[in-house]
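Residue-level structural notes
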Protein chains: 2
Amino acid sequence: MKFIADINIMPLKGLLDPQGKAVGHSMPSIGLNNIGDVRIGKHIQLEIDADSEAAAHETAEVACRKLLANLIMESFHISIRQA
Amino acid sequence: MKFIADINIMPLKGLLDPQGKAVGHSMPSIGLNNIGDVRIGKHIQLEIDADSEAAAHETAEVACRKLLANLIMESFHISIRQA
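Structure report, in brief. (Residues numbered from 1 in each chain as written. Chains lettered and ligands numbered in written order. Predicted model: local features only at pLDDT ≥ 70, side-chain atom pairs only at ≥ 80, totals over all residues. Heavy atoms only, no water.)

**Describing the overall build of chain A**
Rules: Helical segments are the DSSP runs of H or I of at least four residues, strand segments are the runs of E of at least two, and each set is numbered from the N terminus. Accessibility here uses a 1.4 Å probe with only protein chains present; expressed as a share of the type maximum, an area under 20% marks a residue as buried, one over 50% as exposed, and anything in between as partly exposed. Should any heavy atoms of two residues lie within 4.5 Å, those residues are counted as being in contact. Each accessible area value is a Shrake-Rupley result obtained with a 1.4 Å probe; residue values ignore everything except the protein chains displayed when judging cover.
When helices and strands are counted, chain A shows 2 helices and 3 strands. Of the regular secondary structure in chain A, the N- to C-terminal order runs β-α-β-α-β. The principal-axis extent of the C-alpha atoms belonging to chain A is close to 50 × 25 × 15 Å. Sorting the 83 residues of chain A into buried and exposed places 43% on the buried side. Long-range contacts, defined here as pairs at least 24 residues apart, represent 74% of the contacts in chain A between residues at least 6 apart. For chain A, the accessible surface area stands at approximately 4500 Å², while carbon and sulfur atoms represent 54% of it.

What follows is the structure, encoded as structure tokens:
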């Protein structure tokens, strides 16, 4: 079966996110004064061929740990749906 | 009330995603042969002060259209939850 893994990779809470800070500081200049903290990370979609949702999740987790995320600075969250 | 907007900004379906392609081609070298298409975009979290979920969605949409997304090359999806 084909599954889609939606993965969010975000900078860890405790770490500075200079890109997010810069974007946050630009919000008032486009007329938005009600936006506080901004954090920017990556959204990755993988198309996975697997027998079950659990197997697809396992594959996505291996991809995150070995390649996609830098676990020293980032955390990841995976959600799986059928394609 | 405080809301969190989770925004996914992805390259449009019809466009090449060279970053995704490169990552996809690296998957077999970490032992994953069951991953097909890979697409990479941005995940942005905004903290929004608003009276209602609808107002928070409106704010996030303005931020996407004016600043966060390049609508020629990217599409965005917003989901709002209470902080």
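The structure having been displayed, the exposition proceeds.
**What about the interface of chain B and chain A?**
Selection criterion: Summed over both partners, the accessible area lost on bringing two parts together, with a 1.4 Å probe, is the buried area. The definition of a polar contact used here is a pair of N or O atoms within 3.5 Å, where within protein one atom must be able to donate a hydrogen and the other to accept one, and adjacent residues in sequence count solely through side-chain atom pairs.
If you look at the interface, chain B gives 29 residues, while chain A gives 29 residues. Carbon and sulfur atoms supply 64% of the area buried between chain B and chain A, which totals about 2500 Å² over both sides. Contact with chain A buries area across many residues of chain B, yet B:Ile30, B:Asn34 and B:His43 alone supply 21% of it, more than any other trio. Summed over the shared surface of chain B and chain A, the number is 14 residue pairs in polar contact (both at pLDDT 80 or more). Contributing elements (two or more residues each) for the side of chain B that touches chain A: strand S1 (2-11), helix H1 (18-26), strand S2 (35-49) and helix H2 (53-68) of chain B.

**Side note on helix H1 (residues 18-26) of chain A**
All names here are of chain A. Keep this limit in mind: Read the arc as the range of directions from the helix axis to the C-beta atoms.
Here H1 has its buried residues at Gly-20, Val-23 and Gly-24. One face of H1 carries all of its buried residues, which in axial projection span an arc of 105°. Exposed side chains of H1 directed beyond 90 degrees from the buried face belong to Pro-18 and His-25.

**Thoughts on the environment of B:Val38**
Structurally, the position occupied by B:Val38 is in strand S2. Take B:Val38: its relative accessible area is 4%, and that puts it in the buried class. Sequence separation between B:Val38 and B:Val23 is 15 residues, and the spatial gap between their C-alpha atoms is 7.1 Å. Leave out the neighbours within four places in its chain, and B:Val38 touches A:Ile44, A:Gln45, A:Leu46, B:Asp17, B:Gly20, B:Lys21, B:Val23 and B:Gly24.

**Some points on the side chain of A:Glu74**
Inspection of the secondary structure assignment puts A:Glu74 in strand S3 (residues 74-82). Beyond its immediate sequence surroundings of up to four residues, A:Glu74 is in contact with A:Ile9, A:Met10, A:Pro11, A:Leu12, A:Lys42, A:Leu68 and A:Ala69.

**A closer look at the relation of the copies chain B and chain A**
Cut-off, in case you're wondering: When the copies are superposed, the least-squares fit takes in the C-alpha atoms of residues with a pLDDT of at least 70 in both.
Mapping chain B onto chain A is achieved by rotating through 180° and translating by 0.0 Å along the same axis, at an RMSD of 0.0 Å. Taken together, the rotation and translation describe the operation of a two-fold axis. No C-alpha of chain B lies nearer the rotation axis than that of B:Lys42, which sits 2.2 Å from it. The share of interface residues of chain B whose copies in chain A are also at the interface is 100%, consistent with both copies meeting through the same surface.

**Considerations on the pattern of salt bridges**
Residue and element names in this part refer to chain A. Using the following cut-off: Between Lys or Arg on one side and Asp or Glu on the other, a salt bridge is scored when a side-chain nitrogen of the former is within 4 Å of a carboxyl oxygen of the latter.
Inspection of every chain in the model, using the stated rule, returns 9 salt bridges over all chains. For the salt bridge of Asp-6 with Arg-81, the shortest nitrogen-to-oxygen distance reads 2.8 Å. With a gap of 75 residues between them, Asp-6 in strand S1 (residues 2-11) and Arg-81 in strand S3 connect regions that are remote in the sequence. In this structure Asp-6 comes out as buried when scored by relative accessible area, which is 13%. Among the residues examined, Arg-81 registers a relative accessible area of 41% and is labelled partly exposed.

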